[in-house]
Number of protein chains: 2
Amino acid sequence: MPHVTACDCGCSPYIPLPSRSIMSRPLSEAARTKMLGAAQEIIVADGLDACTVDEVARRSGVAKTTIYRHFKNGDELVIAAMECFKTDVDTPDTGSLAGDLRAMVEQFVATLEPAVSRRLFVSMLHRALDHPDFEQAFRRSREAEYGPLRRVLQRAIARGEVDPEIDVPLAMQFLQGPFMALQLLRPDAITIDDRLDQMIELSCRALAPQPVPL
Amino acid sequence: MPHVTACDCGCSPYIPLPSRSIMSRPLSEAARTKMLGAAQEIIVADGLDACTVDEVARRSGVAKTTIYRHFKNGDELVIAAMECFKTDVDTPDTGSLAGDLRAMVEQFVATLEPAVSRRLFVSMLHRALDHPDFEQAFRRSREAEYGPLRRVLQRAIARGEVDPEIDVPLAMQFLQGPFMALQLLRPDAITIDDRLDQMIELSCRALAPQPVPL
């Protein structure tokens, strides 16, 4: 199992360190915190493409050789910095699928300003177009987010709120769709409002158990 | 009403020409075709950001002053070029909402290779982040695409397939969500397969008329 270091910003790091990291000199947490902080500042101020190893080294004062001991390349550094924008998403348990979905959106909106999350998401999609390594790291990062949604869905199936015949991965993708449309296409991004509640109601209807044919 | 010129590539142009266009010298269709063709080549080869007025002038041989008689700025030129990638979407009429939605996706996939449409969509979202004029033009362009979906939904309501109480704009946004998730997040982009049919089935369930409470 690869060695994984924790960053001290409340994020859940799951970017394995490169095998080079198993060296005589221990990796410095202080240096890691500095680089990730610098990377986040650069991303917010100037965007994802500005967040290069050179620029992080310049701004953080951490040597490039040290950066490369923590991260295989600039893509992994960027992904780790993006992860630090998030806090761990708790799996809500409100007693209903609609309530749980709403609580997840509330957590999401409370953690990251919707305009910032739209910018980060679009920037990551854009960078993934031409950077296969980044695309894979982005995909792994998204998959790690699926845990709470999967648990919420499985509990809803157990309660009889969701069709037990449903394809769970497909249902998870389906549930994310309208939320993604809100995030990407609404001028004011996501807000906790009637519109969101109606979207959630439609999603719950879609997944409800099907009547048994007579 | 603004004057609108047609381009000869089968697209449906709805980018109004700037008022400057009402000048003594008529706008040349041949020049317009050249610039839009050059713009499309640049977008496919080098991406959206490379598609500047300077570069289109260089590649098409059309003078910048002429370009600016057709388009207010680079953003409008890019949007018009993007429009030319599409053909008009017909409003299908298969007799069912699921059939109509599937036919619309089939048209979409047949018109534009999924990987290309993903690249164009992501690039437009990305450019819209920092270019408010482009963001507005992009939004107008998307709204123009809503016509067929609105007609399909309204016919489904008339047939009794869709809840007559539904908020139609919200339902339209809801329907686009899972499709957008497929387009943006699946490694192989959109394909006409079982997965798509299941997504469409879930969407149709969501919008179905609600049972009257006893």
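Our structure is the block above this text.
These numbers were taken from a predicted model, which means no experiment stands behind them.

The description of an aromatic ring pair rests on the distance of the ring centres and on the angle between the ring planes. Counted under the stated rule, the structure contains seven aromatic pairs over all chains. For the ring pair phenylalanine 134 of chain B and phenylalanine 138 of chain B, a centre distance of 6.5 Å and an interplane angle of 15° mean the geometry is stacked. Of this pair, phenylalanine 134 of chain B and phenylalanine 138 of chain B are both found in helix α7 (residues 132-144), four residues apart, which corresponds to roughly one turn of the helix. Here the two residues phenylalanine 134 of chain B and phenylalanine 138 of chain B agree in accessibility, since each one is buried. We note arginine 127 of chain A situated over the ring of phenylalanine 134 of chain A; from NZ or CZ to the ring centre the distance is 5.2 Å.

Many structure descriptions define interface size as the accessible area lost when the parts assemble. In this complex, chain A contributes 37 residues to the contact, which on the side of chain B involves 37 residues. When chain A packs against chain B, the two sides together hide about 3,500 Å² of surface, and 65% of this comes from carbon and sulfur. Summed over the three residues of chain A that lose the most area to chain B, namely Gln173, Leu185 and Arg205 of chain A, the buried surface amounts to 19% of that side. Remark: the boundary between chain A and chain B carries four salt bridges. Counting across the chain A and chain B interface gives 11 residue pairs in polar contact (both at pLDDT 80 or more). Of all the secondary structure elements, the ones that give two or more residues to the side of chain A that touches chain B are α6 (114-130), α7 (132-144), α9 (168-185) and α10 (194-207) of chain A. At 11 residues, the largest contribution of residues to the side of chain A that touches chain B is made by α9 of chain A. Split by residue class, the side of chain A that touches chain B holds 20 nonpolar, seven polar and 10 charged.

Turning next to the packing of helix α1 (residues 29-46) of chain A against helix α4 (residues 74-83) of chain A. All names here are of chain A. For the pair α1 and α4, the least separation of the axes is 9 Å and the interaxial angle reads 85°. Classed by the angle they form, the pair α1 and α4 counts as roughly perpendicular. For the pair formed by α1 and α4, the contact residues are Leu36, Ala39, Gln40 and Ile43 on the first element and Leu77, Val78, Ala80, Ala81 and Met82 on the second.

Residues and elements named next belong to chain B. Along the polypeptide, threonine 111 turns up in helix α5 (residues 97-111). Residue class for threonine 111 comes out partly exposed when judged on its relative accessible area of 33%. For the pair threonine 111 and phenylalanine 85, spaced 26 residues apart in sequence, the C-alpha separation works out to 8.1 Å.

Scanning all chains against the criterion turns up 32 salt bridges over all chains. Taking the shortest distance from any N to any O, the salt bridge between arginine 59 of chain A and aspartate 46 of chain A comes out at 3.9 Å. With arginine 59 of chain A in helix α2 (residues 53-60) and aspartate 46 of chain A in helix α1, the pair connects residues that are 13 residues apart, well separated along the chain. Arginine 155 of chain B is the salt-bridge partner of aspartate 93 of chain B, the closest N and O atoms lying 3.5 Å from each other. With aspartate 93 of chain B in the loop between α4 (74-83) and α5 and arginine 155 of chain B in helix α8 (residues 146-158), the pair connects residues that are 62 residues apart, well separated along the chain. Overall, aspartate 93 of chain B belongs to the exposed group, its relative accessible area being 53%. Through salt bridges that share partners, Glu41, Asp46, Glu55, Arg58 and Arg59 of chain A make up one connected network.

Below, the discussion takes up the relation of the copies chain A and chain B. Between the two copies of the chain lies a relationship made up of a rotation around an axis and a movement along it. Mapping chain A onto chain B is achieved by rotating through 180° and translating by 0.0 Å along the same axis, at an RMSD of 0.0 Å. The two molecules are tied by a two-fold rotation axis, judged by turn and shift.

The end-to-end C-alpha separation of α10 of chain A is 20 Å, in line with the 20 Å expected for 14 residues at 1.5 Å each. What α10 of chain A keeps buried is the set Leu196, Met199, Ile200, Leu202, Ser203, Cys204, Arg205, Ala206 and Leu207 of chain A. Looking at the buried residues of α10 of chain A, the elements they touch are α5 (97-111), α8 (146-159) and α9 of chain A together with α9 (168-185) and α10 (194-207) of chain B.

Residue position: aspartate 167 of chain B is located in the loop between α8 and α9. Here the side chain of aspartate 167 of chain B touches leucine 170 of chain B through a polar contact of 3.0 Å, landing on its backbone nitrogen.

Thresholds applied
- Residues numbered from 1 in each chain as written.
- Chains lettered and ligands numbered in written order.
- Predicted model: local features only at pLDDT ≥ 70, side-chain atom pairs only at ≥ 80, totals over all residues.
- Heavy atoms only, no water.
- Phe/Tyr/Trp six-rings, centres within 6.5 Å; stacked < 30°, edge-to-face > 60°.
- Helix = DSSP H or I, 4+ residues; strand = E, 2+ residues; numbered from the N terminus.
- Buried < 20%, exposed > 50% of the residue type's maximum accessible area, 1.4 Å probe, protein only.
- Lys NZ or Arg CZ within 6 Å of the ring centre and 35° of its normal.
- Contact = heavy atoms within 4.5 Å.
- Buried area = accessible area lost by both parts, 1.4 Å probe.
- Salt bridge = Lys/Arg side-chain N within 4 Å of Asp/Glu carboxyl O.
- Polar contact = N/O pair within 3.5 Å; in protein donor to acceptor, adjacent residues only side chain to side chain.
- Nonpolar A, V, L, I, M, F, W, Y, C, P; charged D, E, K, R; others polar.
- Axes fitted to C-alpha atoms, helices over the stretch in contact; angles between N-to-C directions.
- Parallel < 35°, antiparallel > 145°, perpendicular 65-115°, else oblique.
- Least-squares fit on C-alpha atoms with pLDDT ≥ 70 in both.
- Expected span 1.5 Å × (residues − 1).

Remember, this is a structural readout, not a statement about activity or role.
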